Amino acid sequence: MLFNSYTFIFFFLPVVAAVFWAAGQRSKEMALLWLTAASLLFYAWWRPVNVFLIAPSILVNFALARGLERTRDDRPGLTRLLLVSGIVFNLCFLGYFKYLNFFAGVVNDMFGAGYVLTQLILPLGISFITFQKIAFLVDVAAGRTDRFTIRDYALFVLFFPQLIAGPIVHYREMMPQFRVASCRFDATDTSVGIALFSFGLAKKLLLADPLSTIVQPIYAQSAAGLPQSMTDAWIAALGFTLQIYFDFSGYTDMALGIARMFGIKLPMNFNSPLKATSIIDFWLRWHVSLTRFLTAYIYNPISLALTRRRMAQGKPVFGGKNTTASAFLILLVMPTVLTMLVSGIWHGAGYTYIAWGLMHGLLLCVNHLWRLLRPRFWPHAASYQRWFRLPAFLLTFGAVVFAMVLFRSTTIGGAFLLWKGMVGAFGITVPAAVFARLGDAAAWLAALGIVPAWTSGSLFLEAVLRIAVLLFIALALPNTLEILGRYEPALGYRPPKNPAWLQQRLAWQPNSAWAVGLAGISLAGLLSLGQLSEFLYWQF
Amino acid sequence: MPGPVRFLRLWAISVVVLGALVVVVNLVVDPYLVFGTPRLPGISALKPNARDHSMLSKTYAVARARPVTVLFGSSPTYLGFSAQDPAWPASMKPVFNYGIPGGYATSASLDTMREAIALGGVKNAIVFLDFQNFFIAEGPRTWWTENERRYRTQRDGTANPYRPLQVTADMTLSLLTMRALVDSADTVLRQFGRDTLNLADDGSTTESDFSNAARADGMHDLFAQKESFEIERVRRGLSRVRNWTGPLPNQDIVLDMIRLAKAHDVRLTLVILPHHAQALELYWRAGLWPRVEQLKAELADLVAREGSGVVLWDFLDFSSYNAEPVPSPGDRKTQTQWFWEPTHFKQTLGHIIIARITGAATPDFGAILTPANVAERNALVRAQQRVFACTSGYKPPAGFSGTVGDDCGTPAKQPS
């Protein structure tokens, strides 16, 4: 069941919320039980067999967590064994369903083996759920959780607003909320929830989806080996970057909004990543909960282990002006690239995702290197910030757009072809109809090597205009979290202390103007429900 | 400042009120001709946005029009024939243009023909055939697109069980969608535009898209743009069409049309549509002309064998109409008389064709094809082609130097 479907909006969500609030009047336990059952129904709706795949996995993880809870204080060896078993179990579960065919394909490609690829059912949201379960086991082993029941654990894993595509939540940030939630109708929470949901729905249906008709044909042509002119290649690259931005941002807003209607605040997952002024900054804004997971459970342990080893060997470690090349390579480059490789593989079973992860890993390393070296070239941090803010933004934005080509392409070859187009290897064209209307400017363009092509002028203008408007929205307007900042739209989110003028003007509050304005936004989203389209991140 | 409860109440009321307003606007403007709301001058007299929803619009419009004669075909039919053309004899009126742009053209024509006949009252069916649609097998279509689920009957003639649901969806989507609202607003705004496109209640459309483009860019650019598309199409299909063995595909669909017409006592006329000589020359130079001749011969045989009372007209030739000169590059003023671009002709030529097939024109364009005259007709067209190749000054694109004679003193040859 999609969040942007008639069934969800007009049937599932109202019924689940109404029964939850009504049950909460009598018994909180009953309300939470209902929410767990409804979440299971939500998961089963898409493909009922999913429940039979996920339920045993939940039970095994619960049993392992119970074991960890009992052994963690006095039997560290057994705790470690249980934890490793749990992680291996979850990774095997994910690997079997998501990566078996891919790895069989890789072996076939490399060694000419004849492994037959089988059609496996990919349980919905398996990547998100697996990470969440692993994080839970690690937290239990580390003693970062308190007592839990099977219902607590099932609700934590299955809570439907974040079940399919995140945010990836921690037990310690969810269960305390469920414990103190009133489970009754709360007008403020519901208002904030509806506002978040409406913004998300509008982002998805009005901003993201129309871009697919612009982007899809160009990527399809590239995949088929047809070269693209520089203009078309950039339209495709920028178009997809904006499409996935508004798609994922819209989804996250909707997830946050739905959870809020039940009195639960999900963690921040998205904070205007396209405004980032470095790749490090980008990953602190894009899919924040994934970055948090990867940092806490992959990067930090690797980095820490390597640092300890080097320290034991008496070798220099990373940090400060005296960082050596070997320390940088071993303690930063290696864990970063490895972590981003995992990120790439996590996003999808394909060469393009792996390449995308590696590319971001390398970009992060370059960013870290520049952080180390920059003080030598420009010692004054404040003036550096002032002068390099715009170039840093442009460089970051360009790198993100460039890398995003890999994310959308179905083959590495297709991505390379589009990149070649982006750097002008196949010339620069403008539709002849547009060229003819440029008057004297056409001669200037011709002198620059820009030539007319027999492509649709109206489609070209629509694409350019749409991309320009969406760039303005993404880069110049406050985001949903900032607009709703006063009401803590995401767990722990605090608005900036000195908000910009526009942010102050657009700040949401439950007044008449926002009621009517939000009704317009809600209705625009509801009226766009005619064509169902999946969220791009649901495939992960 | 109202509290959150008042906020929620006001929000809910606003959603309902604004939603009701959207319904009223879409119903009054009726941008897709679904409801048949009376056209209001300055508000909804012209229907420019029905163009992109022609299957939806025309399927509802044809039921209201109750035509005696219905025209079927793809985009050239949609654009090139007016149901109000003065050449239509009174006995054939009212006429409805059920031409639908888009793919699966031949089987789509059969589906629309079945729908029109299911309405009752149709006496004449004129199906316009595009020769290019016989070079790609459409295959047996067992599936239905969303657009086809609204038809009254299924392909086997039984009542369509999907129709009630689809009609409900059509009504809902025409009243309560953002797309409909945007198109309603656009419809109102474009009432005051110059040469606004309009889909009439009889299925005819104005030629505004092309005339506006021709005014802005000139006829040469329209021809050049479409020619580049046609070059790609011929290149893509070259080996498939050249190496085709046996009868050309999709003739079974024509046979179904003949049987459907016979079963319902409808007089069927089949018309092979004209193309501009530039488009035909591409096929000639690519060595594909024998396939065009094969198509004409096979259709003539099919009609003679299966279609007593069915007439097959052929307008696909290099006659002076189809060989109309194209203005030079940079000439944005000179207008053509018969064609917008290589594959779409103007309603002026549509008028000539209507007059010809209804017996009101002199026989200088097109001919009725029969097995007896098809060879003679093919020979005539070959002679016309030679004249065009030698006198028009048309320069073929790269890779299409083809099998034309080295000089025009030598007869052009095509592989057999």
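Residues numbered from 1 in each chain as written. Chains lettered and ligands numbered in written order. Predicted model: local features only at pLDDT ≥ 70, side-chain atom pairs only at ≥ 80, totals over all residues. Heavy atoms only, no water.

## Remarks on the overall build of chain B
Inclusion rule: Helix and strand assignments follow DSSP, with helices taken as H or I runs no shorter than four residues and strands as E runs no shorter than two, numbered in order from the N terminus. Throughout, the radius of gyration refers to the C-alpha atoms, and the reference size of a globule is 2.2 Å times the residue count to the power 0.38. Throughout, a contact is declared for two residues whenever any of their heavy atoms are within 4.5 Å. Surface accessibility follows the Shrake-Rupley procedure with a 1.4 Å probe radius. Residue values consider only the protein chains on display as shielding. His is not counted here, nor are the chain ends, while Lys and Arg score as positive and Asp and Glu score as negative. Where a charge sits is defined by one atom per residue type, namely NZ (Lys), CZ (Arg), CG (Asp) or CD (Glu).
What chain B contains, in helices and strands, is 13 helices and eight strands. Computed over its C-alpha atoms, the radius of gyration of chain B comes to 24 Å, within 12% of the 22 Å expected for a compact globule of 416 residues. In chain B, once contacts between residues fewer than 6 apart in sequence are set aside, the share between residues at least 24 apart is 78%. As displayed, chain B offers around 17400 Å² of accessible surface, 59% of which is attributable to carbon and sulfur atoms. For chain B, the distance from the average position of its 43 positive side-chain charges to the average position of its 40 negative side-chain charges is 4 Å.

## Structural notes on the overall build of chain A
Cut-off, in case you're wondering: Exposure is judged per residue with a 1.4 Å probe applied to protein chains only, and the accessible area is read against the type maximum: over 50% gives exposed, under 20% gives buried, and values in between give partly exposed.
Assigned secondary structure in chain A consists of 22 helices and two strands. Referenced to the eigenvectors of the C-alpha coordinate spread, the extents of chain A come out at roughly 80 × 65 × 60 Å. Taking all 540 residues of chain A together, the buried fraction comes to 55%. Sequence-distant contacts in chain A: of pairs separated by 6 or more residues, those separated by 24 or more amount to 75%. Only carbon and sulfur atoms are counted for the fraction: they give 68% of the accessible area of chain A, which is about 23500 Å². The average position of the 41 basic charges and that of the 21 acidic charges among the side chains of chain A differ by 7 Å.

## So, the side chain of Glu298(B)
Residues and elements named next belong to chain B. Note the threshold: Throughout this description, the term salt bridge denotes a Lys or Arg side-chain nitrogen within 4 Å of a carboxyl oxygen of Asp or Glu.
In this structure, Glu-298 sits in helix H11 (residues 289-306). Arg-291 provides the closest opposite charge to the buried, unpaired Glu-298, separated from it by 7.4 Å. Setting aside residues no more than four positions away along its own chain, Glu-298 makes contact with Gly-246, Pro-247, Leu-248 and Gln-251.

## Regarding the domain arrangement of chain A
All names here are of chain A. How we decide: Each domain's extent was defined by an automatic or database domain assignment. Take the accessible area each of two parts loses on contact, using a 1.4 Å probe, and add the two losses: that sum is the buried area. Polar contacts, as counted here, are pairs of nitrogen or oxygen atoms within 3.5 Å of one another; within protein the pair requires one atom able to donate a hydrogen and one able to accept it, and residues that are adjacent in sequence qualify only if both atoms are side-chain atoms. Under the scheme applied here, ten amino acids are nonpolar (Ala, Val, Leu, Ile, Met, Phe, Trp, Tyr, Cys and Pro), four are charged (Asp, Glu, Lys and Arg), and all others, including Gly, are polar.
Structurally, chain A comprises domain 1 (6-185) and domain 2 (279-421). Summarising the inter-unit geometry, the C-alpha centres of domain 1 and domain 2 are found 29 Å apart. Contact residues are listed per partner, giving 19 residues for domain 1 and 15 residues for domain 2. For the domain 1 and domain 2 pair, buried surface summed over both sides reaches about 1400 Å², with 68% attributable to carbon and sulfur atoms. If you sort the residues of domain 1 by the area they bury against domain 2, Phe-102, Phe-131 and Ile-168 come out on top, with a joint share of 41%. The salt bridge involving Arg-292 is made with Glu-173; its shortest N-O contact spans 2.8 Å. At the boundary of domain 1 and domain 2, one finds five residue pairs in polar contact (both at pLDDT 80 or more). For the side of domain 1 that touches domain 2, the secondary-structure elements that each account for two or more residues are helix H4 (76-111), helix H5 (126-141) and helix H7 (171-180). Of the residues contributing to the side of domain 1 that touches domain 2, the split by class is 11 nonpolar, two polar and six charged.

## Section: the pairing of strand E1 (residues 69-72) of chain B
Residue and element names in this part refer to chain B. What counts, and what does not: At least two bridges found by DSSP between two strands is the condition for calling them paired. Here is how to tell: hold the view so the strands point away, follow the path from the first strand over the helix to the second, and if it runs clockwise the crossover is right-handed.
Of the two faces of E1, both are covered, the one formed by Thr-69 and Leu-71 as well as the one formed by Val-70 and Phe-72. Examined bridge by bridge, E1 and strand E2 (residues 95-97) share three bridges and lie parallel to one another. Of the residues in E2, the one forming a bridge with Thr-69 is Val-95. At this point the chain moves from E1, through helix H3 (residues 75-80), to the parallel E2, and the crossover so formed is right-handed. Where E1 meets strand E3 (residues 124-129), four bridges bridge the pair, whose relative direction is parallel.

## Focus on helix H6 (residues 178-190) of chain B
Residues and elements named next belong to chain B. We count it as follows: Helix span, expected: 1.5 Å multiplied by one less than the number of residues in the helix. Throughout, the arc means the angular range of directions from the helix axis out to the C-beta atoms.
In this model, H6 (13 residues) spans 18 Å end to end at C-alpha, consistent with the 18 Å of a helix rising 1.5 Å per residue. Where H6 is concerned, the buried positions are Ala-180, Asp-183, Ser-184 and Thr-187. In a view along the axis of H6, the buried residues occupy a sector of 105°, so they form one face of it. Buried residues in H6 make contact with helix H1 (4-29) and helix H5 (163-175).

## Observations regarding the interface of chain B and chain A
Taken residue by residue, the interface counts 25 residues in chain B and 31 residues in chain A. Per-residue buried area on chain B facing chain A is highest for Phe7(B), Trp11(B) and Met178(B); these three make up 26% of the total on that side. Our count for the contact surface shared by chain B and chain A stands at zero salt bridges. Counting the contacts that link chain B with chain A gives two residue pairs in polar contact (both at pLDDT 80 or more). Secondary structure elements with two or more residues in the side of chain B that touches chain A: H1, helix H7 (208-217) and helix H8 (219-242) of chain B. Residues that form the side of chain B that touches chain A fall into these classes: 16 nonpolar, six polar and three charged.

## A word on the nonpolar core
Residues and elements named next belong to chain A. Worth spelling out the cut-off: Buried Ala, Val, Leu, Ile, Met, Phe, Trp, Tyr and Cys residues form a nonpolar core when they are joined through side-chain atoms within 4.5 Å.
If you look at the biggest cluster of nonpolar residues, it comprises 162 residues, and the most contacted ones within it are Phe-8, Phe-160 and Phe-262. No other element matches the 18 residues that helix H10 (residues 230-261) contributes to this core. Residues lining this core come from more than one domain, with at least three contributed by each of domain 1 (6-185) and domain 2 (279-421). Beyond its immediate sequence surroundings of up to four residues, Phe-262 is in contact with Leu-13, Val-16, Ala-17, Phe-20, Leu-35 and Phe-160.

## Topic: a nonpolar patch on the surface
Residues and elements named next belong to chain A. Selection criterion: Within the patch definition used here, like charges are joined within 9 Å and nonpolar side chains (Val, Leu, Ile, Met, Phe, Trp, Tyr) within 5 Å, considering only residues with over 30% relative accessible area and no salt bridge.
Residues Phe-11, Val-15, Val-19, Leu-41 and Trp-45 make up a contiguous nonpolar surface patch of roughly 420 Å² in combined accessible area. Mapped by element, the contributors of at least two residues to the nonpolar patch are helix H1 (6-26) and helix H2 (28-46). With three residues, H1 is the single largest residue contributor to the nonpolar patch.

## Digging into the environment of Leu438(A)
Tracing the backbone shows Leu438(A) in the loop between helix H17 (432-436) and helix H18 (440-447). A sequence separation of 54 residues divides Leu438(A) from Gly492(A), and the C-alpha atoms of the two residues are 52 Å apart.

## Observations regarding the packing of helix H8 (residues 187-208) of chain A against H1(B)
What counts, and what does not: Axes here mean lines fitted to C-alpha atoms, for a helix over just the part in contact, with angles spanning 0 to 180 degrees between N-to-C directions. Oblique is the label for any angle not covered by the other classes, which are roughly parallel (under 35 degrees), roughly antiparallel (over 145) and roughly perpendicular (65 to 115). In this scheme the handedness of a crossing depends on how the near helix is turned from the far one: anticlockwise by less than a right angle means left-handed, clockwise means right-handed.
One way to put it is that H8(A) packs onto H1(B) with a least axis distance of 8 Å and a crossing angle of 40°. Here H8(A) is positioned oblique relative to H1(B), judged by the angle of their axes. Judged by the sense of rotation from one axis to the other, the crossing of H8(A) with H1(B) is left-handed. For the pair formed by H8(A) and H1(B), the contact residues are Ala187(A), Thr188(A), Thr190(A), Ser191(A) and Ile194(A) on the first element and Pro4(B), Val5(B), Phe7(B), Leu8(B) and Trp11(B) on the second. Taken together, the residues of the contact of H8(A) with H1(B) sort by class into seven nonpolar, three polar and no charged.

## Considering the sheet that holds strand E5 (residues 311-314) of chain B
Residues and elements named next belong to chain B. The strand order across the open sheet built from six strands is E2-E1-E3-E4-E5-E8, with neighbouring strands paired in mixed fashion. Because the sheet does not close on itself, it has two edges, and the strands there are E2 and strand E8 (367-368). As paired strands, E5 and E8 are joined by two bridges and run antiparallel to one another. Within E8, the residue paired with Trp-313 across the bridge is Ile-368. Docked against the sheet, helix H4 (residues 105-119) engages E1, E3 and strand E4 (267-272), running at close to 165° with respect to E1. Contacting E3, E4 and E5, H11 runs over the sheet at an angle of about 165° to E5.

## With respect to the environment of Phe178(A)
Residues and elements named next belong to chain A. As for its placement among the helices and strands, Phe-178 is situated in helix H7. Classification of Phe-178 as buried rests on a relative accessible area of 2%. As for Phe-178 and Lys-265, which are separated by 87 residues in sequence, their C-alpha atoms are 10.0 Å apart. Each residue touching Phe-178, except ones within four places of it in the same chain, is listed here: Lys-28, Leu-32, Leu-35, Leu-155, Phe-159 and Ile-264.

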